[in-house]
Amino acid sequence: MKKFLLGIDNGNTVCKAVIFDIKGRMISQSSQKIKTIYPKPGYSERNLDELWKVNSKTIREVIKNSKINPKYIIGVGSTGHGNGLYLLDKKGHPLKGIQSMDSRAQSICEEWTKKGLEDKVRSYTYQKFWASQTNTLLRWIQQLEPELYNEIGSVFLCKDYINYCLTGVIGSDYTDMGATNLLDINKVDYNSEILDYYGIKDIISKLPQIQSCDQVLGKVSKNGADCTGLLEGTPVVTGMLDVDACMVGSGVTRLGQASIIAGSWSVNTVVTEFPILNTELGMSTTFAVPNLWKSVEASATSVSNLEWFIREFCHKEQLEAKKRGVSVHVICDEMVNTVMDDNRPLIFHPYLHGSADNGNARAGFYGLAGWHSKADMLRAIYEGIVLGHLEHINKLKRSGSNFEKIRLTGGGSRSPVLCQMFADALNMIVEVPQNLETGTWGVAMAAGIGVGAFMNFETASDSTIIIGEVYIPNNQNSSSFITLNQEYQHLQNNLSEFWSQRGILRK
């Protein structure tokens, strides 16, 4: 019998569904934009009914385009952006969806930090606080929207909501919940003492049951089948955090391997033997591969900056791309390549949504002069994105992780210009998988394990993943990036007080 796997990926901007055969070859792909709602500055939400409609349409289209009888789809896996907050009411109806780009709860982080709470909790959770984490948002809602808080029936995450719509079953996995600051990493379970520190101890009964990402959570319900075109009864595994999906889907499954995901978020990870307790690290937490862990340095500072610039200032380039039948990113790459060397290049901080170390930080162009063009600004954004990743990579190295090459995925990996900049700035070999749909393949792989088509992630990745491009550092460019990074860091240090004080001055 023919066998196929369906992987679903819901990031902060796009829903994607891909059908693969069990050799990892992509058969069909479909994607839809997901609307983000901005009720107030700093807020980033989505309508949950609309989210399910977009997913239903995407799944139905990918099946139609594949011309495959749904009975041959043997398993479904879903991944999604981590953190944020997805809520059902006490009757199981959609209540609220908050994305991981949200920054409304920055004041909660500042309050907790002043109280020394992060130091108390870190020995349990092995991670920092930040504004869009699930624990922080729950506390914010409890304090500022108590009526909504009292309506909460279930707390889970983006991919869990899609699984719920598919199967009617509420659940989550260790990788997704392990990144929320709600899980005791030592026990790999919830701990009421942690929730008591946050002042949300009563929420523990609303948290989902957790299990491995490759275990079957449930089967496609009649309603799920009617909406998507999948066959009723098709197994759906629990799925995983998009970080893990991209890692295993790009072949990062073993101790010491490192990964960069250049997407809406800058996600930088290395696989470790044990969780690492280090105050500088963003987090050290559960990994999709059993008995291994991952150290993660992440912030909302990557390609989302480029997408903002394209959306707001590149209408002419978008029209040209449409006329030529290419992606607008191809046009952007060409523009960046026209920029001549400048001994005082523009500097761009990629902090449209804050930085990992300062939620009040904001983006900006520095050194802008009358002779600079849109192409110069684009180049500065590319370089700022890469230097933002470098900040995180250096923290991973200082924590004791050693690695000599990086597996690069995410939207940024589609740009040869940006990929070469990564190699030059990091002074490391950068490998890009041939199959760029690593997130959907990673979670489809989990579905394959759940239904017995694969033994484990290691053997599945070894037999299906091929490296497409390899980028070698250019020594001269690497030297230039060292100087540029020094200027970038110096400017950041001088602006940090302004960023923090501005909020106070504006009150």
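Structure: above.
Residues numbered from 1 in each chain as written. Predicted model: local features only at pLDDT ≥ 70, side-chain atom pairs only at ≥ 80, totals over all residues. Heavy atoms only, no water.

Enquirer: What exactly am I supposed to notice about the pairing of strand β3 (residues 26-33) here?
Expert: The side chains of a regular strand alternate, first on one face of the sheet and then on the other. Relative to β3, strand β2 (residues 14-21) runs antiparallel, the two sharing seven bridges. In the strand pairing of β3, Ala 17 is matched with Ser 30. (Pairing = 2+ DSSP bridges. Helix = DSSP H or I, 4+ residues; strand = E, 2+ residues; numbered from the N terminus.)

Enquirer: I'm lost on a nonpolar patch on the surface in this one. Help?
Expert: On the surface, Ile 429, Ile 467, Val 470 and Ile 472 cluster together into a nonpolar patch covering about 300 Å² of accessible area. Of note, Val 470 is situated in strand β23 (residues 467-471). Classification of Val 470 by relative accessible area gives partly exposed; the value is 46%. (Patch = residues over 30% accessible without salt bridge, like charges linked within 9 Å, V, L, I, M, F, W, Y side chains within 5 Å. Areas by Shrake-Rupley, 256 points an atom, 1.4 Å probe, with all protein chains shown as cover. Salt bridge = Lys/Arg side-chain N within 4 Å of Asp/Glu carboxyl O. Buried < 20%, exposed > 50% of the residue type's maximum accessible area, 1.4 Å probe, protein only.)

Enquirer: Please clarify how the packing of helix α14 (residues 374-398) against helix α15 (residues 416-426) should be interpreted in this entry.
Expert: If you want to describe how two helices pack, look at the angle between their axes and the distance between the axes. Orientation of α14 relative to α15, taken along the N-to-C sense of each, is 45°, at an axis distance of 10 Å. Taken together, the axes of α14 and α15 are oblique relative to one another. Like other packed secondary-structure pairs, α14 and α15 cross with a definite hand, here right-handed. Residues Arg 379, Tyr 382, Glu 383, Val 386, His 389, Leu 390 and Ile 393 of α14 pack against Val 417, Leu 418, Met 421, Phe 422, Ala 425 and Leu 426 of α15. Here the contact of α14 with α15 is composed, by residue class, of 10 nonpolar, one polar and two charged. (Axes fitted to C-alpha atoms, helices over the stretch in contact; angles between N-to-C directions. Parallel < 35°, antiparallel > 145°, perpendicular 65-115°, else oblique. Left-handed = near helix turned anticlockwise from the far one by under 90°. Contact = heavy atoms within 4.5 Å. Nonpolar A, V, L, I, M, F, W, Y, C, P; charged D, E, K, R; others polar.)

Enquirer: What exactly am I supposed to notice about the packing of helix α10 (residues 242-249) against helix α16 (residues 438-450) here?
Expert: Where α10 meets α16, the closest approach of the two axes is 7 Å, and the angle between their N-to-C directions is 90°. When the axes of α10 and α16 are compared, the pair comes out roughly perpendicular. Here Ala 245, Cys 246, Val 248 and Gly 249 of α10 lie close against α16, whose contacting residues are Thr 438, Gly 439, Trp 441, Gly 442, Val 443 and Met 445. In terms of residue class, the contact of α10 with α16 is built from six nonpolar, four polar and no charged.

Enquirer: For this particular structure, what's the right way to read empty space enclosed by the protein?
Expert: In this approach the atoms are scanned with a rolling probe the size of a water molecule, which exposes any empty space left behind. The tally for this structure, following the rule as stated, stands at one cavity of 30 Å³ or more. The computed volume of the largest cavity comes to approximately 70 Å³. Every residue lining the largest cavity is listed: Ser 299, Thr 301, Tyr 351, Ser 355, Ala 356, Asp 357, Gly 388, Glu 391, His 392, Lys 395 and Gln 492. Looking at the lining of the largest cavity, the element that brings in the most residues is α14, giving four residues. Along the lines of polarity and charge, the residues of the lining of the largest cavity split into two nonpolar, six polar and three charged. (1 Å grid on protein atoms, 1.4 Å probe; cavity = no way out; pocket = protein on both sides within 12 Å on 5 of 7 lines; lining within 4 Å. Points joined across faces, edges and corners; volume = space filled by probe spheres on them.)

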